[in-house]
Amino acid sequence: MNPSSSSLNRALLGLVASCVALSFSGTALAQDNDSADAVEEIVVTGTRIKNAAITAASPLQVIGTDLIQDQGTVNIQEALQTNPTFGIAGASRETSNTNITAVGSATVNLRNLGANRTLVLVDGKRMVAGQPGTTQVDLAMVPTDFIERVEVLTGGASAIYGSDAVAGVVNLIYKKDFEGLIFNAQTGISDEGDGDENMLSLTAGHNFADDRGNVMVSAGWSQQGHISSSDRKRTEEDYASLGHNTRDPSTVFQPVISRSGVIPAGIVQTRDAGGTTTNWTFDSAGNPSVWGGTQDERFNRAAYRAIASPVDRMTFATRIRFDVSDKVSTFLEANYGRVSSKTFFEPSPYVGTNDTIGIGVPLNFENFLLNPDTGEVQLVRNPFIPDAVYNTASDTDNDGLINANGHNVRLTQFGPGTRLAPVERDLFRIVLGAEGDLSDNWSYDVHYSFGRTELAGRMDGLFHGPNLRAALDVVSDVYDFDSDGDTTEPVCVDADARGRGCVPVNMYGEGNMTQAMLDYVNAVSYTHLRAHET
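Residues numbered from 1 in each chain as written. Predicted model: local features only at pLDDT ≥ 70, side-chain atom pairs only at ≥ 80, totals over all residues. Heavy atoms only, no water.

Novice: Would you mind going over the side chain of Glu346 with me for this structure?
Specialist: Structurally, Glu346 can be placed in the loop between strand S17 (328–345) and strand S18 (349–351). Among the polar contacts listed, one links the side chain of Glu346 to the side chain of Arg305, at a separation of 2.9 Å. Sequence-distant contacts of Glu346, defined by excluding residues within four places in its chain, comprise Phe299, Arg301, Tyr304, Arg305, Arg410, Thr418 and Arg419. (Helix = DSSP H or I, 4+ residues; strand = E, 2+ residues; numbered from the N terminus. Polar contact = N/O pair within 3.5 Å; in protein donor to acceptor, adjacent residues only side chain to side chain. Contact = heavy atoms within 4.5 Å.)

Written out as structure tokens, the structure is:
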């Protein structure tokens with residue numbers, strides 16, 4: 001859907017299409033007047049097409065409110081996911097733990113064809129996306145107590161709505177004449193004693209003006225707790241398929257531990273002039289040892305991940321309907337919701353020569369240092385690199401400098417020791433319109449809608465690329481730039497970086513970075529996205 005297109009235009013176009021369909025099918029209906037049990041009217045879900053001649057079977061499912069309420073779920077998505085028509089959720093607290101734009105939302109995925117190909121409507125009208133940049137509707141923003149039924153159409157929908165309905169249409173039908181008060185309170189935990197869920201909601205409805213009008217209001221709060229991957233035996237380790245590794249089909253479903261080779265102590269690979277490579281790691285004092293690469297020496301990423309992300313949600317909604325006459329019914333719908341959640345990632349991997357998760361250049365063990373006062377240039381070594389490591393290295397990129405063949409570190413000292421990403425999402429939607437019947441064959445639905453979704457998030461535990469690149473290019477301060485009398489301490493090679501306060505970093509051994517080093521190279525990423533629809 002084009003967010004800038006007018007809902008009024010869509011409604012009028014739908015009205016024209018309905019009229020054409022009705023005029024065309026009138027002849028067919030006249031030919032069947034002798035049928036004993038003529039169908040009076042069929043409403044195709046999610047449209048305004050009303051035609052007694054449309055009698056072809058359609059794969060339509062209707063899920064009633066009793067079934068939804070009996071399941072005791074926190075939101076409508078969880079109830080729909082028990083229906084086999086729905087595939088793996090496009091976004092949920094279990095499937096979006098590493099997606100900062102999707103975490104905390106609840107979308108559906110008909111027939112596993114993709115959430116972007118599943119069109120979600122509210123009373124036959126489109127709703128603003130819950131994830132900016134997509135067409136995916138956050139079902140958790142719709143109060144469950146407002147819903148009379150859910151209609152699911154899995155065939156022929158794309159002919160009317162386009163590619164976002166290839167998988168089908170999910171239409172949430174609101175109650176129209178609800179009177180009374182519904183108060184829901186529930187709490188629960190998983191079988192393992194974690195993943196607590198709490199929910200409170202209050203919904204009230206009342207008819208007025210001799211039942212010509214109805215007003216419904218709802219307020220809800222829900223909270224779902226965090227479940228760490230380390231809390232379950234089946235997810236506490238970095239597992240992979242043995243069959244994937246061995247290409248043996250008989251072991252495809254046999255798990256095998258497959259941890260990461262990017263570790264907190266860091267690995268520096270050297271290659272000597274004869275082509276022999278050695279992988280070095282370091283203890284907390286910076287002393288080197290050869291890294292063997294066994295699973296015990298590797299890093300378990302699963303210990304930092306989540307099975308289910310925590311979600312805290314507030315929702316408010318209202319619907320007002322008033323029948324001006326037998327042929328004119330006006331309505332107003334409004335929704336507001338706020339969601340807070342978090343994603344959980346393992347600490348950032350740093351791979352030096354990678355342009356995305358590194359600085360894109362090799363780690364030099366030495367470099368030329370210029371004395372700006374005299375113009376003298378010396379070739380000076382990096383004081384953080386031990387002799388044993390230096391002596392097994394060579395100039396692998398032919399620039400005249402001894403360098404590492406590879407360098408990687410797991411950044412457990414950065415930020416909170418992991419990549420934690422708190423996210424807040426706000427959604428607002430309002431629909432104002434009128435509908436009714438002009439005659440037995442003509443009906444109309446004219447409405448204006450406005451929706452807006454805003455997402456604000458941040459991610460800690462990252463590195464500042466330019467600063468880290470300067471801070472890793474280190475030599476001994478042979479010219480005593482800081483005039484402290486020490487010509488063996490480390491100093492950044494780049495004079496401009498030194499002028500901006502460059503702090504040489506020691507990434508060789510777990511826990512060797514000082515707070516000053518971390519302050520210079522640590523970074524935080526901020527995300528602010530907005531989507532609006534009219």
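There is more to say, and it comes next.
Novice: For this particular structure, what's the right way to read the state of the cysteines?
Specialist: Each disulfide is one covalent bond, formed between the sulfur atoms of two cysteines. By the definition in use, this model includes 1 disulfide. Note on cysteine connectivity: Cys492 is disulfide-linked to Cys502, with sulfurs 2.1 Å apart. For the disulfide bridge between Cys492 and Cys502, the dihedral angle about the S-S bond is near -75 degrees, and by the sign convention the bridge is left-handed. With Cys492 in strand S25 (residues 490–492) and Cys502 in the loop between helix H8 (495–499) and helix H9 (515–521), the pair connects residues that are 10 residues apart, well separated along the chain. (Disulfide = S-S within 2.5 Å.)

Novice: Would you mind going over unusual backbone geometry with me for this structure?
Specialist: Most peptide bonds are trans, and most residues other than glycine sit at a negative phi. Phi is positive for Arg111, close to 55 degrees, though the residue is something other than glycine. Along the polypeptide, Arg111 turns up in the loop between helix H3 (76–80) and strand S2 (118–122). With a phi angle near 55 degrees, Ser483 is a residue other than glycine that sits in the positive phi range. The residue Ser483 is located in the loop between strand S24 (474–476) and S25 in this model. Accessibility expressed as a relative area gives 63% for Ser483, which makes it exposed. (Buried < 20%, exposed > 50% of the residue type's maximum accessible area, 1.4 Å probe, protein only.)

Novice: Got a minute to help me understand the packing of aromatic side chains in this structure?
Specialist: How two aromatic rings sit relative to each other is set out by the distance from centre to centre and by the angle between their planes. Taken as a whole and judged by the stated rule, the model has 8 aromatic pairs. Their ring planes at 25 degrees and their centres at 5.4 Å tell us that Phe299 and Tyr304 sit as a pair that is stacked. Tyr304 sits in the partly exposed class, given a relative accessible area of 29%. Within the aromatic cluster, the residues linked to one another by ring pairs are Phe282, Phe384 and Tyr508. (Phe/Tyr/Trp six-rings, centres within 6.5 Å; stacked < 30°, edge-to-face > 60°.)

Novice: Can you help me understand the pattern of salt bridges in this one?
Specialist: Under the definition given, this model contains 23 salt bridges. The closest approach of N and O atoms between Glu454 and Arg530, which form a salt bridge, is 3.4 Å. Highlighted residues: Glu454 in strand S23 (residues 443–463) and Arg530 in strand S26 (residues 522–533), separated in sequence by 76 residues. With relative accessibility at 22%, the residue Glu454 sits in the partly exposed group. A relative accessible area of 57% places Arg530 in the exposed class. (Salt bridge = Lys/Arg side-chain N within 4 Å of Asp/Glu carboxyl O.)

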